[in-house]
Amino acid sequence: MLARAARGTGALLLRGLNILIPVLDRIRYVQSLKEIVINVPEQSAVTLDNVTLQIDGVLYLRIMDPYKASYGVEDPEYAVTQLAQTTMRSELGKLSLDKVFRERESLNASIVDAINQAADCWGIRCLRYEIKDIHVPPRVKESMQMQVEAERRKRATVLESEGTRESAINVAEGKKQAQILASEAEKAEQINQAAGEASAVLAKAKAKAEAIRILAAALTQHNGDAAASLTVAEQYVSAFSKLAKDSNTILLPSNPSDVTSMVAQAMGVYGALTKAPVPGAQDSVSSGSSRDVQGTDASLDEEFDRVKLS
């Protein structure tokens, strides 16, 4: 849509049929009501931290009132361009270099608001402003690159240290679990070993008790004394044959070759033990308690050991 302003009367001609008086009226201004794109030339601006930047942009505007745009300002586009440059320099002076790169959207919005406040009397509305390029001095650019590299090295060092920390934690946790499992296995092994040893001791005790009961029953039978004498003689001969094999210290009887006297002595001790009364014992061996048999057998074992040593 085009709007025309007629010279002389100052009337605004819209689309459609318009009557002009020759010589007095003629078309002076033609304004387009479409959105207009204007390139803002590159300019220098100083930031809050005294860094000089070269910056340019693109301005999007639209004429809202053709009459004000024609008679309110001489050159609307030039006026808006200059206003955009001055506003951009003013807004950049409020920000540091780092914030200029991080807050470009807020910077654009601030420039648009400032332009609209000033251009309202011109019948022009700024729709948006976009910064195209920001050029920094070479030395500042090198410093920024060094800062970026230092930040990257810092992150790499932190990540490496965190990886080392996680690795050490995992290794320590693995060692801890291994020690726990090893201790549990050792505990189970000791429990099993103790149970086995207890079972073995119990089995040996039961076997020995059974042997003692059988021996006691055999001694009460016919010719039991003769069998006991034969057993003592065999043990004496077996012990005599093993003299001086385990130790250099030897204890010998007065007459080691007289087996008969040794057997008679052992049987005499056995006879004395069997005839000696035991407190709380029964008269009959068959009706005696197992405790009496075990006490008697223990005494027999002690006497037999004494005979072997003598």
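Residues numbered from 1 in each chain as written. Predicted model: local features only at pLDDT ≥ 70, side-chain atom pairs only at ≥ 80, totals over all residues. Heavy atoms only, no water.

The chain has the name Stomatin-like protein 2, mitochondrial in an unreviewed UniProt entry, where Suricata suricatta is given as its organism. According to the UniProt record, the Subcellular location (unreviewed entry) comment for the chain reads "Mitochondrion inner membrane". (UniProt positions renumbered as here; feature names shortened; annotations may be inferred.)

Novice: Please explain the side chain of Asn108 as it appears in this structure.
Specialist: The topology assignment puts Asn108 in helix α4 (residues 104–119). If sequence neighbours within four positions are ignored, Asn108 has contacts with Tyr129, Glu130 and Ile131. (Helix = DSSP H or I, 4+ residues; strand = E, 2+ residues; numbered from the N terminus. Contact = heavy atoms within 4.5 Å.)

Novice: I'm lost on the packing of aromatic side chains in this one. Help?
Specialist: For any two aromatic rings, the description comes down to two numbers: the centre-to-centre distance and the angle of the planes. The final tally for this structure, using the stated rule, is 1 aromatic pair. With a centroid separation of 5.0 Å and an interplanar angle of 45 degrees, the aromatic rings of Tyr67 and Tyr71 are classed as tilted. Residue Tyr67 and its partner Tyr71 are both found in helix α1 (residues 66–71); the two are separated by 4 residues, about one turn of the helix. Assessed through its relative accessible area of 43%, Tyr67 is described here as partly exposed. Arg128 extends its terminal NZ or CZ atom over the ring of Tyr60, reaching a point 4.2 Å from the ring centre. (Phe/Tyr/Trp six-rings, centres within 6.5 Å; stacked < 30°, edge-to-face > 60°. Buried < 20%, exposed > 50% of the residue type's maximum accessible area, 1.4 Å probe, protein only. Lys NZ or Arg CZ within 6 Å of the ring centre and 35° of its normal.)

Novice: Even after reading the chapter, I still don't get the pattern of salt bridges, so can you show me in this structure?
Specialist: Opposite charge on two side chains permits pairing when their charged atoms draw close. For the structure shown, the criterion picks out 4 salt bridges. The partner of Arg128 in a salt bridge is Glu35, with the nearest N and O atoms 3.3 Å apart. Of this pair, Arg128 sits in strand β6 (residues 124–135) while Glu35 sits in strand β4 (residues 35–46), and the two are 93 residues apart along the sequence. Residue classification places Arg128 among the partly exposed residues on the basis of a relative accessible area of 38%. A relative accessible area of 32% means that Glu35 is categorised as partly exposed. Linking Arg165 and Glu166 is a salt bridge whose minimum nitrogen-to-oxygen distance equals 3.6 Å. Using a relative accessible area of 52% as the deciding quantity, one classes Arg165 as exposed. On the basis of relative accessibility, which here comes to 40%, the residue Glu166 falls in the partly exposed class. (Salt bridge = Lys/Arg side-chain N within 4 Å of Asp/Glu carboxyl O.)

Novice: Can you walk me through unusual backbone geometry in this structure?
Specialist: Apart from glycine, the bulk of residues carry a negative phi angle, and the bulk of peptide bonds sit in the trans form. In this structure, Asn50 takes a positive phi of about 60 degrees despite not being glycine. Looking at the element boundaries, Asn50 is found in the loop between β4 and β5 (52–63).

Novice: It is not clear to me how the nonpolar core should be interpreted in this structure. Could you clarify?
Specialist: Judged by nonpolar contacts, the single largest core of 33 residues is most densely connected at Leu59, Ile115, Trp122 and Tyr129. Breaking this core down by element, the ones donating at least two residues are β4, β5, α2 (76–92), α3 (97–102), α4 and β6. Ranked by residues supplied to this core, first place goes to α2 with 6 residues. Once you skip the residues sitting within four places of it in the chain, Leu59 turns out to touch Ile36, Val37, Ile38, Val40, Val80, Ala84, Ile115, Cys126, Arg128 and Tyr129. (Core = buried A, V, L, I, M, F, W, Y, C linked by side-chain atoms within 4.5 Å.)

Novice: Hey, could you run me through the packing of α2 against α4 in this one?
Specialist: If you want to describe how two helices pack, look at the angle between their axes and the distance between the axes. In contact at an axis separation of 9 Å, α2 and α4 are set at 135 degrees when each is read in the N-to-C sense. Taken together, the axes of α2 and α4 lie oblique to each other. Taken as a pair, α2 and α4 cross one another with a handedness that is right-handed. Contact residues: α2 offers Val80, Leu83, Ala84, Thr87, Met88, Glu91 and Leu92, while α4 offers Leu107, Ser110, Ile111, Ala114, Ile115, Ala118 and Ala119. For the contact of α2 with α4, a count of residues per class yields 11 nonpolar, 2 polar and 1 charged. (Axes fitted to C-alpha atoms, helices over the stretch in contact; angles between N-to-C directions. Parallel < 35°, antiparallel > 145°, perpendicular 65-115°, else oblique. Left-handed = near helix turned anticlockwise from the far one by under 90°. Nonpolar A, V, L, I, M, F, W, Y, C, P; charged D, E, K, R; others polar.)

Novice: What should I look at first to understand the confidence of the model for the chain in this one?
Specialist: The predicted coordinates of low-pLDDT regions are not to be read in fine detail. When pLDDT is averaged across the chain, the result is 75; 65% of the residues are at 70 or more. Scored below 50 in pLDDT, residues 277–297 shows 9 contacts in the model against residues more than four places distant or in partner chains. (pLDDT = per-residue confidence, 0-100.)

Novice: Would you explain helix α5 (residues 138–219) in this entry?
Specialist: Every α-helix winds through 3.6 residues per turn, so residues three or four apart in the chain are directed the same way. The end-to-end C-alpha distance of α5 is 119 Å, a good match for the 122 Å that 82 residues give at a rise of 1.5 Å each. What α5 keeps buried is the set Ala209, Ile212, Ala216 and Leu219. (Expected span 1.5 Å × (residues − 1).)

Novice: Can you help me understand the side chain of Thr81 in this one?
Specialist: Mapped onto the elements, Thr81 comes out in helix α2. For Thr81, the residues in contact, after removing those within four places along its chain, are Ile38 and Pro41.

Novice: Quick question: what am I supposed to make of the environment of Leu59 here?
Specialist: With respect to the helices, strands and loops of the structure, Leu59 is situated in strand β5. Under the relative-accessibility criterion, Leu59 is labelled buried at 0%.

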